[in-house]
Amino acid sequence: MKWWMGVWGVLAAQPLFTLSGYVRDQANREPLPGASVLVKERGTGSYTNAYGYYALRLPAGQYTVVAQFVGYRSETLRVALRADLKHDFWLREEAVEVAAVEIVETYEQRRFSGAATSQNRLEVQRLKKLPALLGEVDVLRSLSLLPGVATAGDGSAAFFVRGGSFDQNLVLLDEAVVYNPGHIGGIFSAFNADAVQEAQLYKGYMPPEYGGRLASALDVRLREGNSPRWQAAGGIGLISSRLNVEGPLWKDRAGLLLTGRRSYADLFLLLAQDPELRKTALYFYDLTAKVNYRAGEKHRFYLSGYFGRDVFRTSFLDFNWGNATTTLRWNFIPSPRLFLNTIAYYSKYDYAFLVEQGNNRARFSSGIEDWAWRTDGEYFLSERVKLRFGAGLCRHTFLPGILEPTGDSSNVRPYRVPSLRGVEAAAYVQTGYKLGARWLVEGGLRWAGFGLWGPATLYTFTPEGQVQDTLTYSQGRLIRGWGGLEPRLSLRYGLSDRWALKASSGRVQQFLHVATLSPVGLPTDIWWPTTPNVRRQDGYQVALALQGTPRWKGIGWDVSWELFYRWMLNVLDFRSGADIFLNPQLERDMVQGRGWAYGSEWMVQKLTGKLTGWLSYTYSRSFRYIPAIAPNPFPSYVDRPHQATLVLNYTLNSQWELGFTAIYGTGRPITLPVAKYVYDGQVVGVYTERNNRRMPDYHRADLSLTWKPRPKEGRRWQSSWNFSVYNLYGRRNMWALRLRTDENNPNLQRAYNLYLFRWVPSITYNFRF
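This report concerns the structure included in the present document. (Residues numbered from 1 in each chain as written. Predicted model: local features only at pLDDT ≥ 70, side-chain atom pairs only at ≥ 80, totals over all residues. Heavy atoms only, no water.)

1. Some words on the sheet that holds strand E16 (residues 196-202)
Strand order in the open sheet formed by five strands is E9-E16-E17-E12-E13, with mixed pairing between adjacent strands. Edge positions in the open sheet fall to strand E9 (119-122) and strand E13 (176-177), since each of these has one partner strand only. Looking at chain direction, E16 and strand E17 (residues 216-222) are connected through six bridges and run antiparallel. From the neighbouring strand, Val 196 faces E17, where its bridge partner is Leu 222. (Pairing = 2+ DSSP bridges. Helix = DSSP H or I, 4+ residues; strand = E, 2+ residues; numbered from the N terminus.)

Dropping the structure here:
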């Protein structure tokens, strides 16, 4: 009762006025999300939202308000608040040596002061200083440097978070879903770092606005392109190059951001002596564009788009795949206390390849297509209480497979696996409140549901897997719906000014599944909805954390230790020998069970000084129990008990910077035969257990050196060189294992290590003008 009366007293205080506005970069006018706006006299403040907007509800009076953001000079406003006031802060980048900067507040300190656990932010400017494979700064690959995140190894963009599978990660680009975020089978990320403002990973507690995936949410935000003058930047590497152009379309009203990338390693094959190699093409390209328009003080409109494509072509194979997204966003401020964000987006992932048999050629294609709408709101009740709410709809169209003849292939009959359609809906509300000096409570409630709609042809099966009945549904008929509440709660107890205990819990439902023959994810994966035969996945997680921001001899540190336990219901797998292509009865081979994962994560970061970086260690286990394929629980594909990373960045002087990363991880589980027999002249393996062996442990070290020539006075051209070596000591990390019959002993099979990269040096020239 006292708590409620305290809240009511805050809300009822009179008179109250609102100080609101944006915090932006003075040079390029980009918003600064997460910047702090502090009121010195009251010892309170707020952070800007994802769009750089802040609002403070204060009693009438004289105030000193300070806006600050790491790497920028703070700006102070002295104001006599007697009515609602709008004020934008324009911050300038700090132009002195890092060692001399007193960083008033970092992202880690903001994370410490909040109640949420298990969140990490990737700053693109920091990533550009670290070693990168083939010179390409990669947002997805950099995730493996964080505790609790693992990858499948070299050559894969798939990432796994706290024992979840790759399809249990929600990946957003400017609020649109991206279904396959990799290029060239995962060697490169689909995201051009020049266009990215920041990437936020939620691996434990997900704010209620996120959902639909059990393991994590990765929210990648594009820059707005608000530069007051036209400028260009780019980079030229050994196998790819990129270009970024941005500038004003209408002074103080509209701006444009346009970026592009293209790999060109295949162009060197034109010099090969082998005619077959000269016919080979393997490349990717992507384009990212964003237009922003300010229609007065209360309305801002944004239109962004992404289009990426991969091509692999030989004399006998023609394969291409890619993503396309378009997002229309409207920011509306009906009052200083209310901020609304409405988006409508389109997203599509598809792939196609030509198959050939004799003189007959056919094209196989598959994909998934989304049309979605969502509105989110923030209402600033007081200087301590903020209410967040929202709702949205997404229409999914699943295209399992289409076979079409090409050319004169008259003997090939067109065939289409019937498409499926579903509508996913969600609504949420969230708030937080500080109880006294030590307790902070943040919580929310999300409702999520999914409806499967006709037209559709579904099947029922006997326990033996035989078709029992065929069910046909007409256009526009609701076949069945699923839904439920997803509570989210996080608590913080301040032990002191530098240390805090946190706890969080939450539930997430997942209505979309992936039909794949590889647990690492392939371009040929098929997305599938929840149906009467394939149940929705259901996940729960609890976490306990100790976080601190100690200072020792003037050096800022960030220390965290987390324990987590996650359990998952109706996780999906396939029977051995399943066929996912052109199979209208695909659900017959789908099997479901339960999974669980638990672990502990440690991370120590050095935040200030010439030497910065972090050291992390993760111990975790992940298991599955699916009775249809194994009688006993077995380690999941992502079960890697031990993982450790070391990331260092050293500023030698204003021109030279050194980057170093080291990674170690337990080898991932694989399934090997325990015996063999010969049938009809062929050697057949005998398998008794799923994931009964492990690959060798994975480890490598990378090194980079960045040189920035001294800028010439009055010259706009700026440049830098990045020299890096990936896999510094040439470790043969296993990518796959192949069994071959021994040439000298036909009764013996030997295992061979297939690896992708040893020493990989690269040089990249970056420029800006």
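2. Let's talk about the side chain of Ser 263
Mapped onto the fold, Ser 263 is located in strand E20 (residues 254-263). The exposure class of Ser 263 is buried, given its relative accessible area of 4%. For Ser 263, the side chain forms a polar contact with the main-chain nitrogen of Phe 284, separated by 2.9 Å. Sequence-distant contacts of Ser 263, defined by excluding residues within four places in its chain, comprise Ile 239, Ser 240, Tyr 283 and Phe 284. (Buried < 20%, exposed > 50% of the residue type's maximum accessible area, 1.4 Å probe, protein only. Polar contact = N/O pair within 3.5 Å; in protein donor to acceptor, adjacent residues only side chain to side chain. Contact = heavy atoms within 4.5 Å.)

3. Brief notes about the environment of Val 37
Here Val 37 lies in strand E2 (residues 36-39). Along the sequence, Val 37 and Ser 113 sit 76 residues apart, while their C-alpha atoms lie 14 Å from each other. Once residues lying within four places of it in the same chain are set aside, the contact partners of Val 37 are Val 23, Thr 44, Gly 45, Ser 46, Tyr 54, Leu 56, Val 65, Val 66, Ala 67 and Phe 89.

4. Some points on the pairing of strand E3 (residues 44-47)
Strand residues, when the strand is regular, have side chains that alternate between the two faces of the sheet. Judged by which residues are buried, E3 turns out to be one-sided: Thr 44 and Ser 46 face inward and are buried, whereas Gly 45 and Tyr 47, on the alternate face, are not. Of the pairings in the sheet, the one linking E2 to E3 comprises four bridges and is antiparallel in character. From the neighbouring strand, Leu 38 faces E3, where its bridge partner is Gly 45. In textbook terms, the turn of a hairpin is the stretch between consecutive antiparallel strands, and for E2 and E3 this stretch comprises four residues, one of which, Gly 43, has a positive phi near 65°.

5. A look at the sheet that holds strand E6 (residues 75-81)
Sheet strands pair by backbone hydrogen bonding; their relative direction is either parallel or antiparallel. Taking strand neighbours across the sheet as the criterion, the four strands line up as E3-E2-E5-E6 in an open arrangement whose pairing is antiparallel. The open sheet has two free edges, formed respectively by E3 and E6, since each of these has just one partner strand. Across this sheet, the average inter-strand angle for adjacent strands is 20°, counted without regard to direction. (Axes fitted to C-alpha atoms, helices over the stretch in contact; angles between N-to-C directions.)

6. Observations concerning the pairing of strand E19 (residues 240-250)
As judged from the six bridges shared by strand E18 (residues 231-236) and E19, these two strands associate in the antiparallel manner. The residue of E19 that forms the bridge with Ala 233 is Asn 244. Connecting E18 to the next strand, E19, in antiparallel fashion are three residues. In this structure, E19 lies alongside E20, joined through ten bridges in antiparallel fashion. The partner of Trp 250 across the bridge, within E20, is Ala 254. Between E19 and E20, which pair antiparallel in sequence order, lie three residues; one of them, Asp 252, sits at a positive phi of approximately 60°.

7. Some details on a nonpolar patch on the surface
A contiguous nonpolar patch, built from Trp 230, Leu 249, Trp 250, Val 291, Tyr 293, Phe 301, Leu 303, Leu 328 and Trp 330 and spanning about 840 Å² of accessible area, is present on the exposed surface. Those elements that provide at least two residues to the nonpolar patch are E19, strand E21 (281-294), strand E22 (299-313) and strand E23 (318-335). Here Trp 330 shows up in strand E23. (Patch = residues over 30% accessible without salt bridge, like charges linked within 9 Å, V, L, I, M, F, W, Y side chains within 5 Å. Areas by Shrake-Rupley, 256 points an atom, 1.4 Å probe, with all protein chains shown as cover. Salt bridge = Lys/Arg side-chain N within 4 Å of Asp/Glu carboxyl O.)

8. Focus on empty space enclosed by the protein
Counted according to the given criterion, the structure contains 16 cavities of 30 Å³ or more. If you add up the space inside the largest cavity, you get close to 410 Å³. As for the largest cavity, its lining consists of 28 residues, of which Gly 211, Tyr 345, Arg 374, Cys 394 and Arg 446 are closest to the centre. Every element with two or more residues in the lining of the largest cavity is listed here: strand E12 (169-173), strand E25 (360-380), strand E26 (386-405), strand E28 (420-435) and strand E29 (439-453). With six residues, E26 is the single largest residue contributor to the lining of the largest cavity. Residues of the lining of the largest cavity, tallied by class, amount to 16 nonpolar, five polar and seven charged. (1 Å grid on protein atoms, 1.4 Å probe; cavity = no way out; pocket = protein on both sides within 12 Å on 5 of 7 lines; lining within 4 Å. Points joined across faces, edges and corners; volume = space filled by probe spheres on them. Nonpolar A, V, L, I, M, F, W, Y, C, P; charged D, E, K, R; others polar.)

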